[in-house]
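Take a look at the letters that make up each chain.
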Amino acid sequence: MKISNRLKVIASFIKDNSNVIDVGADHGLLEIYLLEQNKANSLFAVENKIGPFTILKNNLKDYKVDLSLSDGISEMPEHVDTIVIAGMGGILISDILKAHKEKLTNVKQIVVDAHRDNRLVRETITNLGYYIEKEQIVFENNKYYFVISFLKGHKKYSEDELEWGYKTNKDPLFEDYKEHELNTLSLNLVKYRSSERATKVGIETKEAKIRRLMNL
Ligand SMILES: C[S@@+](CC[C@H](N)C(=O)[O-])C[C@H]1O[C@@H](n2cnc3c(N)ncnc32)[C@H](O)[C@@H]1O
């Protein structure tokens, strides 16, 4: 089956024989790919809206995947040891995990791909008792995505690691991403400087962030 490189990277991060929940499974492409790759021991696919859930149910009718029309990890069975949440904003991903912290006891691995607010995602999941195992940058549809795998345990991270990722400056795509991000931050600074709400501290903070990224 043909799936995006982003979903392939997510699948490659999942440990063999895992019991996986995919929150926001949409069309179920990741599930079909994981089954083809013989990667997961069990699969639990969740959608919280009836439209996508109906498509999911139809697409997976011939596959061994448990389905649930529910919110986030609220109905996650106890045997699940791996959570995948991909293709959403970082605020939503953080809220989904924080809403049911008590369900994380048996969860060994969390694989995420947030479309924005990766800093918040890294901060939230490390605060929930996980460390960053690895990250990979994926460039798709003219956008940079960070696929991140967390494992159970504790580790302290620098401000730069929380903001731009753990060892991501070694990623083959990092220099391209950095150039793109520096352009965005510089444009934001120009706009901010000329806005009425600009303060000296605000300008200095933005300038410092640009300098930090330049030095990575
Ligand atoms: C853009 S799609 C991403 C699909 C797939 N995970 C991917 O990465 O390509 C996001 C999906 O998450 C679902 N979703 C959003 N919030 C959710 C929640 N709280 N619980 C379950 N599913 C949710 C949406 O209905 C949507 O189908």
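Located above this text is the structure these notes cover.
An account of the accompanying structure is given in this report.

About the thresholds
Residues numbered from 1 in each chain as written. Predicted model: local features only at pLDDT ≥ 70, side-chain atom pairs only at ≥ 80, totals over all residues. Heavy atoms only, no water. Phe/Tyr/Trp six-rings, centres within 6.5 Å; stacked < 30°, edge-to-face > 60°. Helix = DSSP H or I, 4+ residues; strand = E, 2+ residues; numbered from the N terminus. Buried < 20%, exposed > 50% of the residue type's maximum accessible area, 1.4 Å probe, protein only. Axes fitted to C-alpha atoms, helices over the stretch in contact; angles between N-to-C directions. Parallel < 35°, antiparallel > 145°, perpendicular 65-115°, else oblique. Left-handed = near helix turned anticlockwise from the far one by under 90°. Contact = heavy atoms within 4.5 Å. Nonpolar A, V, L, I, M, F, W, Y, C, P; charged D, E, K, R; others polar. Near = heavy atom within 4 Å. Polar contact = N/O pair within 3.5 Å; in protein donor to acceptor, adjacent residues only side chain to side chain. Areas by Shrake-Rupley, 256 points an atom, 1.4 Å probe, with all protein chains shown as cover. Salt bridge = Lys/Arg side-chain N within 4 Å of Asp/Glu carboxyl O.

**Concerning the packing of aromatic side chains**
Here a ring pair, both rings aromatic, is described through the centre-centre distance and the interplanar angle of the planes.
Next up, step 1: The tally for this structure, following the rule as stated, stands at five aromatic pairs.
Next up, step 2: Here the aromatic rings of Tyr 144 and Tyr 177 are separated by 5.6 Å at their centres, their planes lie at 75°, and the arrangement is edge-to-face. Taken together, the residues span a long stretch of sequence, with Tyr 144 in strand 7 (residues 143-152) and Tyr 177 in helix 7 (residues 174-193) at a distance of 33 residues.
Next up, step 3: Each ring, one from Tyr 157 and one from Tyr 166, has its centre 5.7 Å from the other, and the planes form 80°; the classification is edge-to-face. The residues Tyr 157 and Tyr 166 share a single accessibility class, namely buried.
Next up, step 4: Taken together, the ring pairs in this structure connect Phe 139, Tyr 144, Phe 146, Phe 174 and Tyr 177 into an aromatic cluster.

**Quick notes on unusual backbone geometry**
Next up, step 1: The backbone of Asn 38 sits at a positive phi, close to 55°, despite the residue not being glycine.
Next up, step 2: Summarising the element assignment, Asn 38 is placed in the loop between helix 2 (29-36) and strand 2 (40-47).
Next up, step 3: On the accessibility criterion, Asn 38 (67% relative accessible area) is exposed.
Next up, step 4: Unusually for a residue other than glycine, Asp 117 sits at a positive phi of about 60°.
Next up, step 5: The topology assignment puts Asp 117 in the loop between strand 5 (109-114) and helix 5 (118-127).
Next up, step 6: Taking relative accessible area as the criterion, Asp 117 reaches 37% and is therefore assigned partly exposed.

**Considerations on the packing of helix 7 against helix 8 (residues 200-214)**
Next up, step 1: Between helix 7 and helix 8, whose axes approach to 10 Å, the crossing angle comes to 165°. Accordingly, the angle class assigned to the pair helix 7 and helix 8 is roughly antiparallel. Helix 7 and helix 8 meet at a crossing whose hand is left-handed. When helix 7 is examined against helix 8, the residues Phe 174, Lys 178, Glu 181, Leu 182, Leu 185, Ser 186, Leu 189, Tyr 192 and Arg 193 are found in contact with a partner set consisting of Gly 202, Ile 203, Lys 206, Glu 207, Lys 209, Ile 210, Leu 213 and Met 214.
Next up, step 2: Of the residues belonging to the contact of helix 7 with helix 8, the class tally is nine nonpolar, two polar and six charged.

**Things to note about the site of the ligand**
Next up, step 1: Near the ligand there are 17 residues, and of these Arg 6, Gly 24, Glu 47, Lys 49 and Asp 71 occur at the shortest range.
Next up, step 2: Here Gly 24 contributes a backbone N or O atom positioned 2.8 Å from a nitrogen atom of the ligand.
Next up, step 3: Here a nitrogen atom of the ligand and a side-chain polar atom of Asp 71 are 2.7 Å apart.
Next up, step 4: Isolated, the ligand exposes 610 Å² of accessible area, and the fraction of that covered by the protein chains is 81%.
Next up, step 5: Sorting the residues of the shell around the ligand by element identifies helix 1 (5-13), strand 4 (82-88) and helix 4 (90-98) as the ones contributing at least two each.

**Considering the pattern of salt bridges**
Next up, step 1: A complete count under the given rule lists twelve salt bridges for this structure.
Next up, step 2: A salt bridge links Lys 39 to Asp 16; its shortest N-O distance comes to 3.8 Å. A residue pair is termed long-range when its members are at least 10 positions apart, and Lys 39 in the loop between helix 2 and strand 2 and Asp 16 in the loop between helix 1 and strand 1 (18-23) qualify at 23 residues.
Next up, step 3: Given a relative accessible area of 58%, Asp 16 falls into the exposed group.
Next up, step 4: Its salt-bridge partner being Glu 207, residue Arg 193 comes within 2.6 Å of it at the nearest N-O pair. Here the residue Arg 193 occupies a position in helix 7, and Glu 207 occupies one in helix 8, the gap between them amounting to 14 residues.
Next up, step 5: Given the relative accessible area of 43%, Arg 193 is considered partly exposed.
Next up, step 6: The class for Glu 207 is partly exposed, based on a relative accessible area of 25%.
Next up, step 7: In the salt-bridge network here, residues are joined through shared partners; they are Arg 119, Glu 123, Glu 159, Glu 163 and Lys 209.

Function cannot be read off these values alone, since they describe shape.
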